[in-house]
Structure formats: structure tokens, C-alpha cells
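Structure at a glance
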Amino acid sequence: SERLGFALEPLALPQLPQIVALVGDRDRKVGEAAVRTLETVVSCLDPLAVPAAMPALYHGMRTVSWHVKEVCLRTVGRLAARAPGPLGACMPECVPAVIGCLNDSNAKVQSAASEVIPTMLSCVDNPETQSLKAMIVRALREPSFTLEAVDEILSQTFVNAMDGTSLAFLMPILLRGLRSETYELVKKAATCAGNMCALIVNGAELAPFLPELNPALEMALEHSSPAVRAEAATARDKLLEGVGELQASARKGRDVVSELLRTRLADALGAATTPPEVAAHMGSLGTSLLERLFAGKLSTSLLAEAPQRLPAGRRP
């Protein structure tokens, strides 16, 4: 990896899950070698390749081995410092995985998760969310601080549009509030959730949170308090507005576009001479680039008028 750099990505990334698993090998030398390999591969990644590396780290954070969890958490921290933009798009999946480690029984895992959260927040572009950084860090670390955190979010004036990266840090706090048994907290969390949903311009940014937020609001709709039910109904309406049609396709969109790019690029470069690993990696990188350019609004129509082959004399 150190010698080949980006050129090794198509071969190294598919091996990342196995490398992560070997971090926890019983043979200490094997584990240490796996850690060095993981660090080297990650340090050489093109920023656009970061999303393709994350699933292996998510799996590592949910494994049994505390050492694997710790190494994966520290790797996320390095990626956040090195490629905040691309990693920011991964926060809806990454933040829940890190929060799970905050509640781990091992003190070293808890410490690593706690330490990486401030670094992950550097991926947030929204100025108002950044101004709440200290509160967010404390609220994620300390569940008892949820009411104070929701109050601070409600008192913040948001003048910029909300995005998925910011929501990834705020949503766990709001979900905790909605699931509380305290009337005041549930009501305020529902109000705050509605406000956040109203600030979303691109529905695709909100789609990843539907599976958890919608049931939490539906539960609040059955609350004994009419005030809570009213706030929950308003929040749910704002959540579903413009997002309902995205729910079923949100997870499939990236895979579909990646596959289309893979086949188109392989054909343009010459399918017979393009290794499948290289074609798959180009599809993944192309998808990451499109996600950044179009703020997650990926559509197969973007490729409808793409040339079947590169013009003569313009091949790489």
C-alpha cells in the first residue's frame, strides 16, 4: 500500500473485512500485523473511497473482540481528520455504531468511542450544529443530560438548511427524548424533531432516519397528553412530507447507481481488458463523487445519456 497508494485500492478494499477480523487474532503477531496493514491501507485511501471502507469498520465495532472495536474506533477518528467531507456522508450509519460502543462493557472501548466523537463532529458543515458541539458531545456521552440538550437545541436559531451529517448527531438525542417516560422531555423532543425535519431541503438526507424516527413519533401519537400528541402529529407530517417515496429506495439507490457506473465504465474502457475489481472500484468511487456533487440525489437518469464508449483518442 505504501508503494502503490491509490492503485492498490481495488484489491485492498475487498480484503478489509478480513484484515479487521485478524486484528483480534489470538496470535499477537498476527493481530499487530493486521493493525499495521489496516493503518497503511486507510492512510493511502482516496477520500472518495472512504465510504467503501466503512462497512468493514461498522462490522468491527459490532464484533465481540474489544480490541477490534477499539482499533476500528481509532481508525474512524483518523478518517474523520483526513477526509471529513466523504466521511460526513457516512455519519447516519457511523454515529449509531459509535454510540453502541459508548455503552460497551469494556472501559477501553468506551474511552475510544468517547474520544472519537469530537473528531467525528469535524465532519459537520452546518454552522449552527457546530456551535452546539460541546452540548452534543456531552449529550451523547451522558444520557442524563438529554433534557438540557433538547432545550439547547430548541433555543438555537437555525438559519442554514439541515443535512444528514448534522442530523446523525442530533437524532440520537431526539430519539432518546421521544422514548422517555417524562412528559416534558417527550413533548420538547417531538417539537424539536418537527423543527429539524422542516429544515431539510433534500428529502434524501432525512430518509436514513425514517426507520427509527417514524415509529418513535407514532408511539408519541398514543401518549396520554393531548399536547404531546399534537406535537408528534406535526413532526410526523413534516417527516413524511416529500420523503415517503424515498423510503423504499433510499438504501437501494447507491447500489443501483454503483452497478450502472461499473458496467458503463468497464464497457467504455474495454470490458475484456478491465479487471472486475477495478471496474467495481471505479463504480464505487464514481458513486461517491456523484453523491457529493448532487447532495445525495442519485438517479439512474443521470446516466441515461452517458456515451456507451469513450470517443476515439480520449481513452485514459
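Presented here is an overview of the structure given in this document. Along each chain, the written sequence defines residue order, and numbers are assigned to residues from 1. Two thresholds apply to this predicted model, a pLDDT of at least 70 for residue-level local features and 80 or more for giving and counting side-chain atom pairs, whereas whole-chain, interface and lining totals are computed over all residues. Note: side-chain values were computed over all heavy atoms of the structure, leaving out hydrogens and water.

1. Here we look at the overall build of the protein
By definition, any uninterrupted DSSP run of H or I lasting at least four residues is a helix, any uninterrupted run of E lasting at least two residues is a strand, and each is numbered from the N terminus. Of the regular secondary structure elements, the protein holds 19 helices and zero strands. Each of the 316 residues in the protein was classed as buried or not, and the buried ones make up 45%. Note on contacts: a residue pair is in contact if any heavy atoms of the two residues lie within 4.5 Å. Restricting to contacts in the protein with at least 6 residues of sequence separation, those with at least 24 account for 72%. In this description, accessible areas are obtained by the Shrake-Rupley approach with a 1.4 Å probe, and a residue is regarded as covered only by the protein chains that are shown. Approximately 15,700 Å² of the protein is accessible, and the part contributed by carbon and sulfur atoms is 54%. Categorising residues by exposure relies on relative accessible area from a 1.4 Å probe, with only protein chains included: less than 20% of the type maximum marks a residue as buried, more than 50% marks it as exposed, and the intermediate range marks it as partly exposed.

2. Quick look at the nonpolar core
Counting residues in each nonpolar core, the largest one holds 87 residues, and the members touching the most others are Met-54 and Leu-87. Looking at this core element by element, the count peaks at nine residues for helix α12 (residues 164-178). Ignoring any residue separated from it by four or fewer positions in sequence, one finds Leu-87 in contact with Val-50, Met-54, Val-76, Leu-79, Ala-80 and Cys-123. The definition of a nonpolar core used throughout is a set of buried Ala, Val, Leu, Ile, Met, Phe, Trp, Tyr and Cys residues joined through side-chain atoms within 4.5 Å.

3. Quick notes on the pattern of salt bridges
What counts as a salt bridge is simple: a side-chain nitrogen of Lys or Arg found within 4 Å of a carboxyl oxygen of Asp or Glu. This structure, assessed with the given rule, holds ten salt bridges. Glu-32 is the salt-bridge partner of Arg-28, the closest N and O atoms lying 3.0 Å from each other. Within this pair, Arg-28 and its partner Glu-32 are both found in helix α3 (residues 28-44), separated by four residues, close to a single helical turn. One salt bridge in this structure joins Glu-218 and Arg-236, with 3.0 Å as the shortest N-O distance. Of the two residues, Glu-218 sits in helix α15 (residues 210-220) while Arg-236 sits in helix α16 (residues 226-240), which places them 18 residues apart along the sequence. Overall, the relative accessible area of 34% leaves Glu-218 in the partly exposed class. By sharing partners, the salt bridges in this structure join Glu-70, Arg-74 and Glu-115 into a single network.

4. Here we look at the environment of Asp-163
Following the sequence through the fold, Asp-163 ends up in the loop between α11 (146-155) and α12. Considered as a pair, Asp-163 and Asn-126 are 37 residues apart in the sequence and their alpha carbons are 7.6 Å apart. Excluding residues that lie within four positions of it along the chain, Asp-163 makes contacts with Ile-200 and Glu-205. Among the polar contacts listed, one links the side chain of Asp-163 to the backbone nitrogen of Ser-166, at a separation of 2.9 Å. What qualifies as a polar contact is a pair of N or O atoms within 3.5 Å, subject to a donor-acceptor requirement within protein and to the restriction that residues adjacent in sequence count only when both atoms come from side chains.

5. A short note on the side chain of Asn-214
In this structure, Asn-214 sits in helix α15. For Asn-214, a relative accessible area of 13% gives the class buried. Only 3.2 Å separates the side chain of Asn-214 from the side chain of Arg-236, close enough to count as a polar contact. Residue contacts for Asn-214: discarding those within four places in its chain leaves Phe-209, Arg-236, Leu-239 and Leu-240.

6. Focus on the environment of Ser-114
For Ser-114, the position within the fold is in helix α8 (residues 107-120). With relative accessibility at 18%, the residue Ser-114 sits in the buried group. Sequence-distant contacts of Ser-114, defined by excluding residues within four places in its chain, comprise Leu-102 and Arg-141.

7. Concerning the packing of helix α7 (residues 91-102) against α12
To get an axis, fit a line to the C-alpha atoms, keeping to the stretch in contact for a helix; angles then go from 0 to 180 degrees between the N-to-C directions. One can describe the packing of α7 onto α12 by two numbers: an axis separation of 8 Å at closest approach and a directional angle of 30°. Comparing the axis directions of α7 and α12 gives the class roughly parallel. The hand of the α7/α12 crossing is right-handed. Facing Met-91, Pro-92, Val-95 and Ile-99 of α7, the residues of α12 in contact are Gly-164, Thr-165, Ala-168, Phe-169 and Pro-172. Gly is placed with the polar residues, together with every amino acid not listed as nonpolar (Ala, Val, Leu, Ile, Met, Phe, Trp, Tyr, Cys and Pro) or charged (Asp, Glu, Lys and Arg). Partitioning the contact of α7 with α12 into residue classes produces seven nonpolar, two polar and no charged. By the definition adopted for this analysis, an angle is roughly parallel if under 35 degrees, roughly antiparallel if over 145, roughly perpendicular if from 65 to 115, and oblique otherwise. Note: crossing handedness is left-handed where the near helix turns anticlockwise from the far helix by less than a right angle, and right-handed where it turns clockwise.

8. Focus on α16
A rise of 1.5 Å per residue sets the reference length of α16, with its 15 residues, at 21 Å; its end C-alpha atoms lie 21 Å apart and thus fit the reference within 8%. Val-228, Ala-232, Ala-235 and Leu-239 are the residues of α16 that are buried. Along the axis of α16, the buried positions cluster into a sector of 65°, meaning they face one direction only. Among the exposed residues of α16, those pointing more than 90 degrees away from its buried face are Pro-226 and Asp-237. A side-chain oxygen of the first residue of α16 lies 3.3 Å from the backbone nitrogen of Ala-227; this N-cap is Ser-225. The span you would expect from a helix comes to 1.5 Å times its residue count less one. Throughout, the arc means that of the directions going from the helix axis to the C-beta atoms.

9. What about the side chain of Ser-166?
Mapped onto the fold, Ser-166 is located in helix α12. The residues touching Ser-166, leaving out its near neighbours within four places in the chain, are Val-124, Asn-126 and Thr-129.

10. What about the packing of helix α4 (residues 50-61) against α7?
Between α4 and α7, whose axes approach to 9 Å, the crossing angle comes to 20°. Between α4 and α7, the interaxial angle falls into the category roughly parallel. Judged by the twist between their axes, the crossing of α4 over α7 is left-handed. Counting all contacts with α4, which are made through Met-54, Tyr-58 and Met-61, the residues of α7 involved are Glu-93, Cys-94, Ala-97, Val-98 and Cys-101.

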